[in-house]
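# Structural overview for review
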Amino acid sequence: MPLSETTILVTRNGMGDADPALQTKLISTYLRLLDENDLLPAVICFYAEGVKLAVNGSAVLASLHSLEAKGVRIVLCSTCLNFYGLEDEVAVGIVGGMTDIIEAQVKAAKVITL
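Residues numbered from 1 in each chain as written. Predicted model: local features only at pLDDT ≥ 70, side-chain atom pairs only at ≥ 80, totals over all residues. Heavy atoms only, no water.

## Remarks on the nonpolar core
By size, the foremost hydrophobic cluster in this structure holds 30 residues, and its most contacted members are Leu-31, Ile-44, Phe-46 and Leu-64. Elements represented by at least two residues in this core include exactly strand S1 (6-10), helix H1 (20-36), strand S2 (43-46), helix H2 (61-69), strand S3 (73-77), helix H3 (78-83) and helix H4 (98-107). (Core = buried A, V, L, I, M, F, W, Y, C linked by side-chain atoms within 4.5 Å. Buried < 20%, exposed > 50% of the residue type's maximum accessible area, 1.4 Å probe, protein only. Helix = DSSP H or I, 4+ residues; strand = E, 2+ residues; numbered from the N terminus.)

## Topic: the packing of aromatic side chains
One pass over the structure, following the stated rule, counts one aromatic pair. Their ring planes at 90 degrees and their centres at 5.1 Å tell us that Phe-83 and Tyr-84 sit as a pair that is edge-to-face. A relative accessible area of 68% means that Phe-83 is categorised as exposed. Against the face of Tyr-84 rests Lys-52, its NZ or CZ located 4.4 Å from the ring centre. (Phe/Tyr/Trp six-rings, centres within 6.5 Å; stacked < 30°, edge-to-face > 60°. Lys NZ or Arg CZ within 6 Å of the ring centre and 35° of its normal.)

## Brief notes about the sheet that holds strand S4 (residues 94-96)
Pairing within the open sheet is parallel, and its five strands lie in the order S4-S3-S2-S1-S5. The open sheet has two edge strands, S4 and strand S5 (110-113), and neither has a second partner. For this sheet the average axis-to-axis angle between neighbouring strands, irrespective of direction, equals 25 degrees. Of the strand pairs in this sheet, S1 and S2 are connected by four bridges, and their pairing is parallel. Bridged to Thr-7 within S2 is Val-43. (Pairing = 2+ DSSP bridges. Axes fitted to C-alpha atoms, helices over the stretch in contact; angles between N-to-C directions.)

## Remarks on the pattern of salt bridges
Tallying each qualifying case throughout the model produces seven salt bridges. Salt-bridge contacts for Asp-17 lead to Arg-12; the nearest nitrogen and oxygen are separated by 3.8 Å. What makes Asp-17 exposed here is its relative accessible area of 71%. Relative accessible area serves as the criterion here: at 33%, Arg-12 is assigned to the partly exposed category. The residue Lys-52 makes a salt bridge to Glu-49 at a minimum N-O spacing of 3.9 Å. Via salt bridges that share partners, Asp-35, Asp-38 and Lys-70 belong to a single interconnected network. (Salt bridge = Lys/Arg side-chain N within 4 Å of Asp/Glu carboxyl O.)

## Notes on the packing of H1 against H2
Taken N-terminus to C-terminus, the directions of H1 and H2 make an angle of 30 degrees; their axes are 9 Å apart at the nearest point. The angle between H1 and H2 places the two elements in the roughly parallel class. Crossing of H1 against H2: the hand is left-handed. Seen from H1, the contacting residues are Leu-31, Arg-32, Leu-34 and Asp-35; seen from H2, they are Ser-63, Leu-64, Ser-66 and Leu-67. Partitioning the contact of H1 with H2 into residue classes produces four nonpolar, two polar and two charged. (Parallel < 35°, antiparallel > 145°, perpendicular 65-115°, else oblique. Left-handed = near helix turned anticlockwise from the far one by under 90°. Contact = heavy atoms within 4.5 Å. Nonpolar A, V, L, I, M, F, W, Y, C, P; charged D, E, K, R; others polar.)

## Some points on the environment of Asn-37
Mapped onto the elements of the fold, Asn-37 is located in the loop between H1 and S2. Through-space distance from the C-alpha of Asn-37 to that of Lys-25 is 18 Å; in sequence the pair is twelve residues apart. At a separation of 2.9 Å, a polar atom in the side chain of Asn-37 contacts the main-chain carbonyl oxygen of Leu-33. (Polar contact = N/O pair within 3.5 Å; in protein donor to acceptor, adjacent residues only side chain to side chain.)

See the structure below:
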């Protein structure tokens, strides 16, 4: 199955259940490798603490900008951004809602949660 039929859900401000520095390193590597190898999912949805990865100051913005430029749809949960007071800090992607996240999941042949 091509990755282009895949939706990736990012729910943490990093990847895995580890020290925050390691979580950041892991998600940075993951996104960089997707980008460098043109492994392009249809959509990457960021919600819960995951929205913190798509705002000003995030360590993964370069990869996210590049993935978006290659056609990957980046969706950020508006409720989550508002909860963390980050609605004015969005640096990449579109601000959407739970309906957008559900739509991405339903349309996907495969959903990966990080």
